[in-house]
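# Residue-level structural notes
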Amino acid sequence: MTFDENAKLKETIRKIALLNAIRHEGKAQTGPVFGKVLGEKPDLKTKVKELSILVNDVVREVNSLPLSKQQQIIEEKWPESLVKEKVEEEKHLPQLPNVNKYAKVVTRFSPNPDCVLHLGSARAIILCYEYARMYKGKFILRFEDTDPKLKRPVLEFYDRIREDLAWLECKPDEEYIQSDRIPIYYEYAERLLKDGNAYICTCQPEQFRKKILASKPCKCRNLSSEENLARWQNMLKGEYKEGEAVYRVKTDLNHPNPAVRDWPALRIIDAEKYPHPRVGSKYYVWPLYNFACGIDDHLMGVTHIIRGKEHLTNMVRQEYMYKYFGWQYPEAIHYGRLKITGASLSKSKIVQGIREGLYNDWDDPRLATFAALRRRGITPEAIKKMIIDVGPKTSDVILSWENLNAYNRKFLDPTADRFFFVNNPIELAVKHIPKVFKARLHMHPEHSEKGFREYTIKPKGNESSATFWVSKKDMDVSKVENVIRLMELFNIKIENVSEYSADASFVSESYEEARSAKAQLIHWILVGEDMPCQVVMPDATVAEGIAESACKQLKPNSIIQFERFGFVRIDKVVMKLIAYYAHK
Ligand SMILES: [Zn+2]
């Protein structure tokens, strides 16, 4: 290789290493860089040994630079590669089956308003919404609120669910509430009875169970439709008590899954004891999930049901009913389970925790509710992107908070303004400052157009000193005699560190000097240019500290980065700044 060729190759490796580094928080990984170089220059396969040495050198050099510098180099020298990277990353949903069979794709999301929504619903909502958009179709929101006893709906949640969808930017084109549609379900229930495809069972549950497990009909199954219709009228009038009569749809008694055999479709609920929050005690007979949902999917023209694979048995049940009505079952896509490790996605545990005061509210940072994610500064874009990348595949997927955080970081990092927050602050007095300094702290390392905030450091007294807040974590005894750099300001030498304060002397101004001395860069706040600040962490503990005075201008809901601390969402700006922590 000539000198020129070598230099050219080195530059190629540098570009690949820098791109890799900015995707891995400033640390390029030798393996992937090496692989990518070979991918671009396959002829080098004969020179793997030399190449490996070269890659190692370049990666080491790149990793010694701060992330902001790495980004700066890429933006200056190879801005086009950033655009290309983004395009390559864009993933699309696979096509839906049999779209051409239908005039318009219609999907639906159908929550029970018995709790707020959480991350566990994200897949259903986003896939249904995105598919409707992809085919210029229709996305329906349907409240399935027909169990006033065990899955009791609560008025407040109808609105909270609407808010959550609006926040996720998945606004429905149409909305239905099942408790408004009870007469419709009655009408279809009657039709099945008339045709002899359903019956009212008055057997003791235990007796019925024995029969059905043995694939035998109970004594009600073969009654005439007149007798069944009479029983039905009595059911509607409230002449049976809860549990005394159940409406069942006939299926194959020999179906291999006993749970499918003659499934219950409507039942009686004590309307006085369990009034419905919307319709009160108006109805005694309430449809069960499979019945109401199956009828609605057909009547609302749903063409593609996209839901978790735990619903597979429900489809088998509903198909009997569809056959009786002469309807065609919609296309059904059953995706695998999505688990988020460390996130409790149990509605009942959330509700119980709130009731017992374990959580402060629906947006307690320990919860994975959309309200909590919103409060912490997790963006809907990040959730959307994560779900689209996972797609509708049938295999189970396990994600972690770190996965979601990584998606969120990708959205926040390029735009969030930077500020200084000193957690657990102690005072640092710096002596022998030779002149007045003006520190210009850029709002964003890659966007100079975002401007800066400026603090003037005026040395005072005999010793020409100034006092700063610094984090206790950055000031331990082991650092005495070390040179460190106050970011964007100057270099100092630590002289003394105690429990509540530290002393240092001015050393020099230049960044280069700090770099060659491998000085640690720490953030700081000038005493007097500060405001108290509390950051509520994801475990609901509070990180106490001091934010720089420029934070007084922040608006609630803005998401910023506290440098060397993490991304936070501004919750309140009063005498004190209250922020919620998103992630590193
Ligand atoms: Zn029976």
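Presented here is an overview of the structure given in this document. (Residues numbered from 1 in each chain as written. Predicted model: local features only at pLDDT ≥ 70, side-chain atom pairs only at ≥ 80, totals over all residues. Heavy atoms only, no water.)

Here we come to the overall build of the protein chain. A tally of helices and strands in the protein chain yields 17 helices and 27 strands. Along the longest, intermediate and shortest principal axes, the C-alpha atoms of the protein chain span 105 × 65 × 40 Å. For the protein chain, with 584 residues in total, the buried portion stands at 51%. Excluding contacts between residues fewer than 6 apart, the proportion of contacts in the protein chain whose partners are at least 24 apart in sequence is 70%. (Helix = DSSP H or I, 4+ residues; strand = E, 2+ residues; numbered from the N terminus. Buried < 20%, exposed > 50% of the residue type's maximum accessible area, 1.4 Å probe, protein only. Contact = heavy atoms within 4.5 Å.)

Here we come to the sheet that holds strand S14 (residues 425–431). Hydrogen bonds between backbone atoms are what pair the strands of a sheet, whose relative direction is either parallel or antiparallel. Pairing is mixed across the open sheet formed by 7 strands, whose spatial order is S21-S18-S19-S20-S14-S17-S22. Each edge of the sheet is formed by a strand with only one pairing partner; in this case those strands are strand S21 (520–522) and strand S22 (525–526). Bridge count for strand S17 (residues 466–471) against S22 is 2 bridges, and the pairing is antiparallel. Within S22, the residue paired with Phe468 across the bridge is Leu526. (Pairing = 2+ DSSP bridges.)

Glancing now at the packing of helix H2 (residues 30–40) against helix H3 (residues 48–63). Packed helices, taken two at a time, are described by the angle between their axes plus the distance between the axes. Put simply, H2 and H3 touch, their axes get as near as 10 Å, and they point 130 degrees apart. With respect to their mutual orientation, H2 and H3 come out oblique. By crossing handedness, the relation of H2 to H3 is classed as right-handed. Contacts from Thr30, Val33, Phe34, Val37 and Leu38 of H2 reach H3 at Val48, Leu51, Ser52, Val55, Asn56 and Val59. The residue makeup of the contact of H2 with H3, split by class, is 8 nonpolar, 3 polar and no charged. (Axes fitted to C-alpha atoms, helices over the stretch in contact; angles between N-to-C directions. Parallel < 35°, antiparallel > 145°, perpendicular 65-115°, else oblique. Left-handed = near helix turned anticlockwise from the far one by under 90°. Nonpolar A, V, L, I, M, F, W, Y, C, P; charged D, E, K, R; others polar.)

Every protein donor of the zinc ion is accounted for by Cys201 (SG), Cys203 (SG), Cys218 (SG) and Cys220 (SG), and the metal-donor separations fall at 2.3 to 2.4 Å. Considered as a linear motif, the donors of the zinc ion on their single chain read C-x1-C-x14-C-x1-C. Just as Cys201 is buried, Cys203 falls in that class too. (Donors = N, O, S within 2.8 Å, 3.2 Å for Na, K, Ca; no water.)

Our next topic: the nonpolar core. Ranked by size, the top nonpolar core spans 52 residues in total, and within it Ile457, Phe468, Met475, Phe490, Trp524, Val535 and Phe562 carry the most contacts. Examining the composition of this core, we find that 4 residues originate from one element, S17, more than from any other. Ignoring any residue separated from it by four or fewer positions in sequence, one finds Phe490 in contact with Val430, Ile433, Phe437, Phe468, Ile484, Arg485, Phe506, Ser508 and Glu509. With 48 residues, the next largest nonpolar core counts Tyr131, Ile161, Phe370 and Met386 among its residues. (Core = buried A, V, L, I, M, F, W, Y, C linked by side-chain atoms within 4.5 Å.)

Right, let's get into the packing of helix H15 (residues 380–390) against helix H16 (residues 401–412). Look at H15 against H16: their axes get within 8 Å of each other, and the N-to-C directions meet at 125 degrees. Of the possible angle classes, the one that applies to H15 and H16 is oblique. Read as a crossing pair, H15 and H16 show a hand that is right-handed. The segment H15 lies against H16, with Glu381, Ala382, Ile383, Lys385, Met386 and Asp389 engaging Leu404, Tyr407, Asn408 and Phe411. Split by residue class, the contact of H15 with H16 holds 6 nonpolar, 1 polar and 3 charged.

Here strand S4 (residues 198–201) shows two buried faces, one formed by Ala198 and Ile200 and the other by Tyr199 and Cys201. Examined bridge by bridge, S4 and strand S5 (residues 246–249) share 4 bridges and lie antiparallel to one another. Within S5, the position partnered with Cys201 by the bridge is Val246.

Turning to the sheet that holds S5, a few remarks are in order. Spatial ordering of the open sheet is given by S4-S5-S6-S7, a layout of 4 strands whose pairing is antiparallel. A single partner strand is all that each edge strand has here, and the edge strands are S4 and strand S7 (285–287). Going across the sheet, the axis of each strand differs from the next one's by a mean of 20 degrees, ignoring polarity. Here 3 bridges tie strand S6 (residues 264–268) to S7, and the two strands are oriented antiparallel to one another. Among the inter-strand pairings, Arg267 is bridged to a residue of S7, identified as Trp286. Along the sheet, helix H10 (residues 225–237) makes contact with S4, S5, S6 and S7, crossing S4 at roughly 55 degrees.

Now for helix H4 (residues 67–77). Along H4, the residues that are buried comprise Gln70, Gln71, Ile73 and Ile74. With its buried residues spanning 160 degrees around the axis, H4 presents them on a single face. (Arc of directions from axis to C-beta.)

Aromatic rings in a pair are described by how distant their centres are and how their planes are angled relative to each other. Tallied over the entire structure, the rule returns 24 aromatic pairs. Centroid distance Phe490 to Phe506: 5.1 Å. Interplanar angle 75 degrees. Geometry classified as edge-to-face. Pair noted here: Phe490 is in the loop between strand S18 (483–486) and strand S19 (491–497) and Phe506 is in strand S20 (residues 501–508), with a separation of 16 residues, a long-range link. The pair formed by Phe490 and Phe506 is uniform in burial state, with each residue classed as buried. Through a chain of ring-to-ring contacts, three or more aromatic side chains come together here, namely Phe420, Phe437, Tyr455, Phe468, Phe490, Phe506 and Trp524. (Phe/Tyr/Trp six-rings, centres within 6.5 Å; stacked < 30°, edge-to-face > 60°.)

Of note, Phe437 is situated in strand S15 (residues 437–442). Beyond its immediate chain neighbours, meaning those up to four positions away, Phe437 contacts Tyr455, Thr456, Ile457, Leu489, Phe490, Phe506 and Glu509.

In terms of strand pairing, strand S2 (residues 138–143) meets strand S3 (residues 174–177) through 4 bridges, oriented parallel. Across the sheet, the residue bridging to Leu141 is Glu175, located in S3. After leaving S2, the chain enters helix H7 (residues 155–167) and then returns to the sheet as S3, a path that is right-handed. (Right-handed = clockwise from strand over helix to strand, strands pointing away.)

This next bit is on the side chain of Gln318. Tracing the sequence through the fold places Gln318 in helix H12 (residues 312–325). In this structure Gln318 touches Trp263, Asn290, Cys293, Gly294, Arg307 and Tyr329, once residues within four positions along its chain are discounted.

Let us now look at the pattern of salt bridges. A complete count under the given rule lists 40 salt bridges for this structure. Notably, a salt bridge pairs Arg366 with Asp364, separated by 2.8 Å at the nearest N-O pair. Looking at Arg366, the relative accessible area reads 34%, which means it is partly exposed. In this structure Asp364 comes out as buried when scored by relative accessible area, which is 1%. Between Arg564 and Asp474 there is a salt bridge; the shortest N-O distance is 2.9 Å. Here the residue Arg564 occupies a position in the loop between strand S25 (559–562) and strand S26 (566–573), and Asp474 occupies one in the loop between S17 and S18, the gap between them amounting to 90 residues. Judged by relative accessible area, which is 3%, Asp474 ranks as buried. (Salt bridge = Lys/Arg side-chain N within 4 Å of Asp/Glu carboxyl O.)

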